[in-house]
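# Breakdown of the fold
Below are the chains, spelled out letter by letter.
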Amino acid sequence: MGALEAVILTIITASTPLLLAAIGELVTERSGVLNLGVEGMMIMGAVCGFAAAYTTHSALLGVGAGLLAGVGMSLLFAFLTQTLMTSQVATGLSLTLLGLGLSGMIGEGFTGLPGIKLEALNIPFLSDIPFIGPVIFGHDILVYGSLFIVAGVAYVLFRTRLGLIITAVGGNHHSAHALGYNVLRVRYGCIAFGGACSGLAGAYLSLAYTPQWIENMSSGRGWIALALVVFSTWLPKRLLVGAYLFGTVWIMGLYVQALGVDIPSQLLSSLPYLVTIVALIIISGNKTLTKVNTPACIGQPFAPER
Amino acid sequence: MNETGANETSKYLLEARNITKVFGELRANDDVTLSLKPGEIHALLGENGAGKSTLVKIIYGSLRATSGHLFWRGRAVTVPNPAAARELGIGMVFQHFSLFDALTVTQNISLALPSDVDIGALSGRIETVSNDYGLPLRPDALVADLSVGERQRIEIVRCLLQEPRLLIMDEPTAVLTPQEADQLFVTLARLASEGCGVLYISHRLEEVRRICHDATILRHGKLAARVDPQQETAASLAALMVGTEVAAVRTDKGTAPGAPLLELSGLSLATDDQFGVSLKNINLAVRAGEIVAVAGVAGNGQGEFFDALSGELTSSNNATVKIAGVGCGREGITQRRRRDAAFVPEERLGHGAVPNFPLSENVVLTHHSVEATRLETGDGMAGSAVVRNGMIDRDAARYVNRVVTELFDVRKGTPDPEAQSLSGGNLQKFVVGREMALQPRVLVVNQPTWGVDAGAAALIRQALIDLARGGSAVLVISQDLDEIFEVADRIAVISRGEMSQAYPSEELSLERIGLLMAGAHEAVARNAGEAGAA
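Residues numbered from 1 in each chain as written. Chains lettered and ligands numbered in written order. Predicted model: local features only at pLDDT ≥ 70, side-chain atom pairs only at ≥ 80, totals over all residues. Heavy atoms only, no water.

In terms of helices and strands, chain B carries 18 helices and 23 strands. Across the 534 residues of chain B, 54% fall into the buried class. Once local pairs closer than 6 in sequence are excluded, the contacts in chain B between residues at least 24 apart make up 65%. When the accessible surface of chain B is split by element, carbon and sulfur atoms take 49% of a total near 22,200 Å². (Helix = DSSP H or I, 4+ residues; strand = E, 2+ residues; numbered from the N terminus. Buried < 20%, exposed > 50% of the residue type's maximum accessible area, 1.4 Å probe, protein only. Contact = heavy atoms within 4.5 Å. Areas by Shrake-Rupley, 256 points an atom, 1.4 Å probe, with all protein chains shown as cover.)

Dropping the structure here:
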């Protein structure tokens, strides 16, 4: 395997969890809900995914468990913020704290155990082509899944009635309600979708990125995903660019460090943030597009009058 | 002719019988009955809080009645949600539009149609129907880019596409120019002639008399009267709504106006908001003793104009805004208040008052930089400054609050309640009265009686007139032409951020104002010039 191949593969591995978590949060925010609990949902996905895979010896079951853990966490968030009308910001932050604590407890017996790795899909012939094989056809199901989800979200948001309804609910929940749409049901659905994606992102960390359980292994990726959503101006296409740009600069930084280039490591580790923010600010220069895509009701609670 | 109940009911398109709706302690609707025939334009009248919106929301299925029954073409029905209402053939045009800024006209309309409608073919249908009824629309335009009149057209076309048997309109003309309103009346008359019933809510009694065949009047949630509006006068309709005669505003023209106290010269202000309006070279002077009104359709720069006057937006050129002859374009709102000016913004809750502050603290928010209130109730207690040496004098603030609420008849449960607990009309009286208490030399007020009932509106307008006659300069920004003609000595019209000159109000006809509102400054100016030359 050549050096370039290795670099590209690590970039894809580094970007996938960000992309998964961010695309879920994008849908949640499009419906007008700000869920700051991405980090908590992600780490719960990681620990539950690992635990299930270790117990059943099946990485795929682990992926399923991670997804369910994310959904479970997000439904707790949905119940608190949508039904009990708690503050979304405070509840989201608590969800992150809860997830970090709870995952540590669940994962206590699993620390240091050998993990089950999510194997790459082996496509006959295609995966064997030099360079192109490993780079394009040599990944696991979640890498393809993340790209498929991004494409699917873009299609649903901009080509279907469901997407129109989600955008409408996030843009003006009073109008949506007046037209007879069930705002809370749409939001519950979008929150759960966000949870599922965060759970998958977590499962990817503990089953593919580093196939083992380490406490706090999400290490702030949930927050990066949140930032990516905002900087992508809620557009899936830009989100894809942003997530991969972040992953690229991050990995390049690691390689540069490994090569012993004399740049302060603090600067290198802050570089992905800087580059991503600058790049996304530049591509979001179109103010109209930004304004139109920003969910106007984001973070606002909604209580239908009856 | 009352031998069978069945025939009796079936001649009605819609009947709402004995509707009661209770919110907590409040009976928003109390045993209200309304019936409407096909092809009839039926007015639903009442003051703010009389229960009109509650009743139509029950008919449209957005609210559930506590008790009472709905009959649709003689048959008892339940309307659990708006979709069910639309299925029956009931369409509604909301007062606060239920539109989505970020979506196109077609997308907005498709959201209100059944899910099996083909979106691809919808654009064509929208164009056909909208042109057919004289309501032109571009299907792919973004709602955020449209004027208020155009937005209303979307709502109407959206209803028409569902081929409604009953169209409910909640204050449709409040946001239209007179010409746009006339066009709407043509559309409504056509719909009625096709057999569609129209339930028409409006505060504008003259237009109700003009277009409606029947009227149901509500007062405090109860049915007050059922009358033929064409047999009534606007004054008698108003009396039925309020329950007593509404005091006519005394509009005696004062003595000749004095020196200009508020002068704007070459005021331009670019907006950085995508949906905002830039002000372009505005020149206007308001003299001591007069009221100048700025008319215009919503969203033509009134908000920006108010902000530029109050100092919420400052100008780079100090001389563009002068108060009592002193340039203050670069000064903020507190400094302008110290120049003896006062400002009442449009949005009373959130901008004019902090919702969860008691009224006395809301007094402090605009009185903190001035010496003392000048209004007195006559009980001999003198006002004193509410803030001295940086410390708040709560007694002084409560005193101002008491004076204001007494003089302006602000009805409240406790002596010093939170601003948000007041009804809209009462809070408006408070917000206007609070600035009146300063007896400012310059008062700028945006939408002084927006959403306020007839009694409160008369009181506020009288106070504005009295203040001007006392030697102050008053500038009123309003979208209500009746109000403008009632109070203004001179009228200017704002359109797309440009201001016409101020014409004496007796020289302006409704038609000319309408032309100015639509932005035809030059045409009107030329006509005026020709009329002057002739």
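The next point concerns the interface of chain A and chain B. With 18 residues of chain A at the interface, the matching set in chain B holds 30 residues. When the two sides are added together, the surface that chain A and chain B hide from each other amounts to roughly 2,000 Å², 62% of it contributed by carbon and sulfur. For the interface between chain A and chain B, the tally reads zero salt bridges. For the pair chain A and chain B, the interface holds six residue pairs in polar contact (both at pLDDT 80 or more). Put simply, the parts of the chain that give the side of chain A that touches chain B at least two residues each are helix 7 (161-171), helix 8 (173-178) and helix 13 (287-293) of chain A. Residue composition of the side of chain A that touches chain B, by class: eight nonpolar, six polar and four charged. (Buried area = accessible area lost by both parts, 1.4 Å probe. Salt bridge = Lys/Arg side-chain N within 4 Å of Asp/Glu carboxyl O. Polar contact = N/O pair within 3.5 Å; in protein donor to acceptor, adjacent residues only side chain to side chain. Nonpolar A, V, L, I, M, F, W, Y, C, P; charged D, E, K, R; others polar.)

A separate point is the layout of surface pockets. Summary: where empty space remains is shown by rolling a probe the size of a single water molecule over the atoms. All names here are of chain A. Size it by volume and the second largest pocket reaches roughly 560 Å³. Taken together, 29 residues line the second largest pocket, and the ones lying closest to its centre are Y181, N182, V183, R185 and V186. Take the lining of the second largest pocket: its biggest share by element is seven residues, from helix 9 (residues 183-209). Taken together, the residues of the lining of the second largest pocket sort by class into 18 nonpolar, eight polar and three charged. (1 Å grid on protein atoms, 1.4 Å probe; cavity = no way out; pocket = protein on both sides within 12 Å on 5 of 7 lines; lining within 4 Å. Points joined across faces, edges and corners; volume = space filled by probe spheres on them.)

All names here are of chain B. Sheet architecture is open: four strands sit in the order 2-1-4-5, paired in antiparallel fashion. Either end of the sheet is taken by a strand with one partner, and the two such strands are strand 2 (26-36) and strand 5 (75-77). Across the sheet, the axes of successive neighbouring strands diverge by a mean angle of 30°, strand direction being ignored. As paired strands, strand 1 (residues 14-23) and strand 4 (residues 67-72) are joined by five bridges and run antiparallel to one another. When the bridges of strand 4 are listed, L14 appears paired with W72. (Pairing = 2+ DSSP bridges. Axes fitted to C-alpha atoms, helices over the stretch in contact; angles between N-to-C directions.)

All names here are of chain B. Covered by surrounding structure in strand 16 (residues 341-344) are A341 and F343 together with A342 and V344, the residues of both alternating faces. Note that strand 16 and strand 19 (residues 442-446) share four bridges and pair parallel. Residue pairing across strands places F343 opposite V444, the latter belonging to strand 19.

Further remarks concern empty space enclosed by the protein. In this structure the tally under the stated criterion is one cavity of 30 Å³ or more. Estimated volume of the largest cavity: approximately 50 Å³. If you go around the largest cavity, the residues you meet are L179(A), Y60(B), R86(B), G91(B), M92(B), F94(B), A112(B), R158(B), C159(B) and Q162(B). Elements supplying a minimum of two residues to the lining of the largest cavity: strand 6 (90-93) and helix 6 (148-160) of chain B.

Before going further, it helps to spend a moment on the domain arrangement of chain B. Residues and elements named next belong to chain B. Assigned domains within chain B: domain 1 (5-242) and domain 2 (260-533). A straight line from the C-alpha centre of domain 1 to that of domain 2 covers 33 Å. Of the residues lining the interface, 12 residues belong to domain 1; the matching set on domain 2 comes to 18 residues. Both faces considered, domain 1 and domain 2 share a buried interface measuring about 1,100 Å² in area, 61% of it formed by carbon and sulfur atoms. Linking domain 1 with domain 2 are zero salt bridges. At the boundary of domain 1 and domain 2, one finds zero residue pairs in polar contact (both at pLDDT 80 or more). Per-class residue counts for the side of domain 1 that touches domain 2 are five nonpolar, four polar and three charged. (Domains from an automatic or database assignment.)

A word on the packing of aromatic side chains. According to the stated counting rule, one finds five aromatic pairs over all chains in the structure shown. Relative to F110(A), the ring of Y54(A) lies with its centre 6.0 Å away and its plane at 80°, an arrangement referred to as edge-to-face. Of the two residues, Y54(A) is situated in helix 2 (residues 38-56) and F110(A) in the loop between helix 4 (88-106) and helix 5 (132-137); the sequence distance between them amounts to 56 residues. Between F246(A) and W250(A), the aromatic rings sit 5.9 Å apart at their centres with planes inclined by 70°, giving edge-to-face as the arrangement. Residue F246(A) and its partner W250(A) are located together in helix 11 (residues 236-258), separated by four residues, close to a single helical turn. What makes W250(A) partly exposed here is its relative accessible area of 22%. Here the basic side chain of R221(A) rests over the ring of Y209(A), its NZ or CZ set 4.8 Å away from the ring centre. Its end group placed over the ring of Y503(B), R512(B) keeps NZ or CZ at 5.1 Å from the ring centre. (Phe/Tyr/Trp six-rings, centres within 6.5 Å; stacked < 30°, edge-to-face > 60°. Lys NZ or Arg CZ within 6 Å of the ring centre and 35° of its normal.)

We now examine the sheet that holds strand 9 (residues 214-219) of chain B. Two strands in a sheet stick together by hydrogen bonds in their backbones, pointing the same way (parallel) or opposite ways (antiparallel). All names here are of chain B. Taken in spatial order, the six strands line up as 6-7-8-3-9-10 in an open sheet, and their pairing is mixed. The two strands at the open ends of the sheet, each matched to only one other strand, are strand 6 and strand 10 (222-227). Looking at each pair of strands side by side, their axes are set apart by 20° on average, direction ignored. Here strand 6 pairs with strand 7 (residues 166-170) via four bridges, running parallel. Following the sheet pairing, V93 is matched in strand 7 by M169. Sheet strands in contact with helix 7 (residues 178-193) are strand 3 (41-45), strand 7 and strand 8 (197-201), and its direction is about 155° off that of strand 7. Those strands touched by helix 9 (residues 234-242) are strand 3, strand 9 and strand 10, and its axis lies near 35° from that of strand 9.

Now for the packing of helix 6 (residues 141-159) of chain A against helix 11 of chain A. All names here are of chain A. Packing of helix 6 against helix 11 leaves a shortest axis separation of 9 Å and a crossing angle of 155°. The angle between the axes of helix 6 and helix 11 places the two elements in the roughly antiparallel class. Across the interface between the two elements, L147, V150, V153, A154, L157 and F158 from helix 6 touch P236, L240 and Y244 from helix 11. A breakdown of the residues in the contact of helix 6 with helix 11 according to their chemical character gives nine nonpolar, no polar and no charged. (Parallel < 35°, antiparallel > 145°, perpendicular 65-115°, else oblique.)

Residues W213(A), L228(A), L239(A) and L111(B) are the most contacted members of the largest nonpolar core, which totals 79 residues. Of all the elements in the fold, those that place two or more residues in this core are helix 1 (3-30), helix 2, helix 3 (59-83), helix 6, helix 7, helix 9, helix 10 (221-231) and helix 11 of chain A. Ranked by size, the runner-up nonpolar core spans 51 residues in total, among them I109(B), L160(B), I211(B) and L237(B). (Core = buried A, V, L, I, M, F, W, Y, C linked by side-chain atoms within 4.5 Å.)

Attention now goes to helix 11 of chain A. Relative to the 33 Å expected for 23 residues at 1.5 Å per residue, helix 11 of chain A spans 33 Å between its end C-alpha atoms, a close match to the ideal helical length. Positive phi appears at G260(A), one or two residues downstream of helix 11 of chain A, with a value of about 80°. (Expected span 1.5 Å × (residues − 1).)

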